[in-house]
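One-letter residues, chain by chain:
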Amino acid sequence: LPALRHIGYGASAIGRPLLERLRARFPDIGLVQFYGQTEAGGSFTCLRAEEHVADSPALASAGRPHAGCRVRI
């Protein structure tokens, strides 16, 4: 674990209780959320490590599109 720098996760937004537990246990590790689907060629959005801040509205999002990807609702 000393060499661990990032934890990537996907499928849904991270809940505040889990975020707080991870921050307490691994204060220097960057969390990165990926969102995508097989039909789209894998991941197409990412919530970056610096956006994982408690009480941030970004935590409820799927992140920002990767370069070259367009996302539309």
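### Observations regarding the overall build of the protein chain
Argument step 1. Along its length, the protein chain carries 1 helix and 4 strands.
Argument step 2. Along the protein chain, helices (α) and strands (β) appear in the sequence β-α-β-β-β when read from the amino end.
Argument step 3. Referenced to the eigenvectors of the C-alpha coordinate spread, the extents of the protein chain come out at roughly 35 × 25 × 20 Å.
Argument step 4. Residue pairs at least 24 apart in sequence account for 33% of intrachain contacts in the protein chain once pairs closer than 6 positions are excluded.
Argument step 5. Taking the average place of the 9 positive charges on the side chains of the protein chain and the average place of its 6 negative ones, the gap between the two points comes to 3 Å.

### Examining the packing of aromatic side chains
Argument step 1. A complete count under the given rule lists 1 aromatic pair for this structure.
Argument step 2. Where Tyr35 meets Phe44, the ring centres are 5.5 Å apart and the plane angle is 80 degrees; that geometry is what we call edge-to-face.

Cut-off values and rules
- Residues numbered from 1 in each chain as written.
- Predicted model: local features only at pLDDT ≥ 70, side-chain atom pairs only at ≥ 80, totals over all residues.
- Heavy atoms only, no water.
- Helix = DSSP H or I, 4+ residues; strand = E, 2+ residues; numbered from the N terminus.
- Contact = heavy atoms within 4.5 Å.
- Lys, Arg positive; Asp, Glu negative; His and termini not counted.
- Charge placed at Lys NZ, Arg CZ, Asp CG, Glu CD.
- Phe/Tyr/Trp six-rings, centres within 6.5 Å; stacked < 30°, edge-to-face > 60°.

Shape is all these values report; function is a separate question.
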